[in-house]
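# Structure assessment
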Amino acid sequence: MSSDQRLGIGFIGSGFITRFHIDAWQGVRHADVRGVWSPNRAHAEEAAALAREKRVGTAQAYDSISDMVAAPAVDAIWICGPNHTRIENMEAIVRAVQSGTGDLTAIACEKPLARTVAEADRMVELVEDIDVLHGYLEDQLFSPGLQRGREIIWERGAALTGRPYLARAAEEHSGPHAPWFWQGDQQGGGVLNDMMCHSVEVARFLLTEPGAPRDSIRPTKVSAQIASLKWSRDEYAERLQRRFGSEVDYKNRPSEDFARATIEYEDEQGRTLVSETTTSWCFVGAGLRLRSELLGPEYAMEANSLQAETEVFFSREVEGAAGEDLVEKQNAEQGLMPVVGDEAATYGYTGENRHFVRRFLDGTQPDLDFHSGREVTELLMTAYMSAEQEQSLAWKPEGLRDFVPDVQEGTWNP
């Protein structure tokens with residue numbers, strides 16, 4: 001496909017993350033949202049209508065993944081369904097392509113690539129069974145502030161005083177929207193699997209020299225801890241059941257709502273680099289908070305998504321329905337509140353989609369691909385293994401491929 005053509009995108013999934021991508025598409029050129037498939041036809045219709053409303057493509061809802069792959073208007077698939085459907089969705093795509101039903105240029109998959117290393121291996125195997133380009137959708141690496149800060153640090157500070165050696169990344173909010181996120185078997189764990197996939201890659205990205213391959217630094221050691229600090233308390237476990245139903249049972253099948261991990265890397269000269277990551281579903285603040293830091297011999301960089309350029313204040317006399325009109329995972333409607341003007345751009349969705357569209361149109365395999373997604377899964381599973389064993393683990397530990405976290409199995413007792 002030549003770069004003067006347009007890429008037609010079909011989404012698997014119609015929920016929160018697909019809608020973020022559709023919103024981001026207002027800042028993406030040379031590609032259109034052409035289709036949506038969801039097991040819930042009404043939800044697929046709603047997402048397709050949203051794309052048409054925002055004028056980012058003449059999207060329509062499809063009855064099956066096979067039908068969407070077969071559509072001449074669809075050139076690439078964005079996999080955005082729940083974690084426990086990754087394999088079956090990917091297998092459906094591959095069956096459609098191999099049967100001659102349709103032809104695709106590329107497939108991109110949302111984070112995390114899989115719930116276990118064995119599943120990640122299967123995702124890589126499936127995508128390599130068909131001749132397509134593939135990408136791992138990690139939006140935060142494309143946050144404009146993060147990218148520009150990294151560029152300046154490496155061009156000025158690192159060039160004059162030496163490479164950075166310590167990166168910190170954190171993602172915190174009050175908890176996910178959908179019930180499957182809270183179910184360890186479906187999601188693959190708790191907050192570590194849900195959000196540390198972001199933080200691990202952000203820290204690694206900051207420590208990697210711009211233009212250098214991702215494997216120019218390599219992991220050597222992982223140490224992690226997990227805990228259920230809030231949501232397994234009786235009053236909050238009951239609140240989850242009232243909100244999501246009996247399937248979310250944090251009294252008997254809790255997942256971690258707090259996790260931290262330290263990953264040591266080694267650069268090409270054998271120097272030690274350190275990544276510190278923290279994630280939480282028990283953060284009480286304005287809403288979603290993304291923080292990152294990069295430190296080197298004579299410099300430092302810091303970013304915080306809640307240090308917004310705009311703030312509003314509402315007194316206690318201003319009362320209304322709860323919502324998320326100011327910031328994702330908004331926790332309040334009164335007081336002094338930050339306003340994130342364009343969340344899709346700030347969090348990196350717009351830049352991410354521009355990047356993958358450009359690569360796919362150019363016929364160039366992105367560096368951030370299913371192999372990268374598999375290594376992220378390997379790091380997350382090593383973090384769970386470290387937390388369970390309460391010790392640091394050298395990379396890669398034995399038995400990693402067959403390892404399933406206790407949280408996912410439903411046997412974890414905080």
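Notes on the structure follow. (Residues numbered from 1 in each chain as written. Predicted model: local features only at pLDDT ≥ 70, side-chain atom pairs only at ≥ 80, totals over all residues. Heavy atoms only, no water.)

In total, this model carries 14 aromatic pairs according to the counting rule given. Each ring, one from W25 and one from W78, has its centre 5.8 Å from the other, and the planes form 75°; the classification is edge-to-face. Separated by 53 residues along the polypeptide, W25 in the loop between α1 (16–24) and β2 (31–37) and W78 in strand β4 (residues 76–79) bring together distant segments of the chain. By the burial criterion, W25 is buried, and W78 matches it. Taking NZ or CZ as reference, R150 lies 3.8 Å from the ring centre of F205, over its face. (Phe/Tyr/Trp six-rings, centres within 6.5 Å; stacked < 30°, edge-to-face > 60°. Helix = DSSP H or I, 4+ residues; strand = E, 2+ residues; numbered from the N terminus. Buried < 20%, exposed > 50% of the residue type's maximum accessible area, 1.4 Å probe, protein only. Lys NZ or Arg CZ within 6 Å of the ring centre and 35° of its normal.)

Quick look at the sheet that holds strand β9 (residues 258–266) now. Taken in spatial order, the seven strands make up an open sheet running β12-β11-β7-β10-β9-β8-β15, and their pairing is mixed. One side of each edge strand has no neighbouring strand; the edge strands of this open sheet are β12 (299–304) and β15 (393–394). Strand direction decides the pairing type here: β9 and strand β10 (residues 272–280), joined by nine bridges, are antiparallel. Bridged to A261 within β10 is T277. (Pairing = 2+ DSSP bridges.)

Once that is clear, we can look at helix α5 (residues 117–128). With twelve residues, α5 extends 17 Å from end C-alpha to end C-alpha; this agrees with the ideal 16 Å at 1.5 Å per step. Along α5, the residues classified as buried are V117, E119, A120, D121, M123, V124, L126 and V127. Here the buried face of α5 lies against α4 (86–98), β5 (106–110), β6 (133–137) and α12 (370–389). (Expected span 1.5 Å × (residues − 1). Contact = heavy atoms within 4.5 Å.)

Residue alternation in β4 divides its side chains into two sets, A76 and W78 and I77 and I79, and both sets are buried. Taken together, the four bridges between strand β1 (residues 7–12) and β4 define a ladder with parallel strand orientation. Along β4, the bridge assignment pairs G10 with I77. Two elements, β4 and β5, share four bridges in a ladder whose sense is parallel. Each bridged residue has a counterpart across the sheet, and for A76 the counterpart in β5 is A106.

Bringing the side chain of D369 into the picture now. With respect to the secondary-structure elements, D369 resides in the loop between α11 (349–362) and α12. No salt bridge is formed by the buried D369, whose closest oppositely charged neighbour, R214, lies at an N-O distance of 7.2 Å. (Lys, Arg positive; Asp, Glu negative; His and termini not counted. Salt bridge = Lys/Arg side-chain N within 4 Å of Asp/Glu carboxyl O.)

Before going further, it helps to examine the sheet that holds β1. With respect to topology, six strands assemble into an open sheet ordered β3-β2-β1-β4-β5-β6, the strand pairing being parallel. The open sheet has two free edges, formed respectively by β3 (60–61) and β6, since each of these has just one partner strand.

Time to look at the pattern of salt bridges. Within this structure, the stated rule accounts for 26 salt bridges. Put simply, E151 and R148 hold a salt bridge, and the shortest N to O gap is 3.1 Å. Taken together, the positions of E151 and R148, both in helix α6 (residues 144–161) and three residues apart, correspond to about one turn of that helix. What makes E151 partly exposed here is its relative accessible area of 33%. When its relative accessible area of 44% is taken as the criterion, R148 is described as partly exposed. Among the ionic pairs, E375 bridges to R214, the shortest N-O distance being 2.4 Å.

Inspection of the sheet shows strand β8 (residues 218–227) paired to β9 by nine bridges, in the antiparallel sense. Bridge pairing in β9 links P219 to Y265. As judged from the two bridges shared by β8 and β15, these two strands associate in the antiparallel manner. In the strand pairing of β15, K221 is matched with A394.

Now for the environment of V222. Among the structural elements, V222 can be located in strand β8. Sequence separation between V222 and P397 is 175 residues, and the spatial gap between their C-alpha atoms is 9.6 Å. Aside from chain neighbours lying at most four places away, what touches V222 is T262, I263, L379, T382, A383, S386, Q391, S392, L393 and W395.

What follows concerns the environment of R401. By secondary structure assignment, the location of R401 is in the loop between β15 and α13 (406–409). Along the chain, R401 and V117 lie 284 residues apart, while their C-alpha atoms are 5.0 Å from each other. Those residues in contact with R401 that lie beyond four places of it in its chain are V117, A118 and D121. Separated by 2.8 Å, the side chains of R401 and D121 make a polar contact. (Polar contact = N/O pair within 3.5 Å; in protein donor to acceptor, adjacent residues only side chain to side chain.)

Scope: geometric values only; no functional claims are made or implied.
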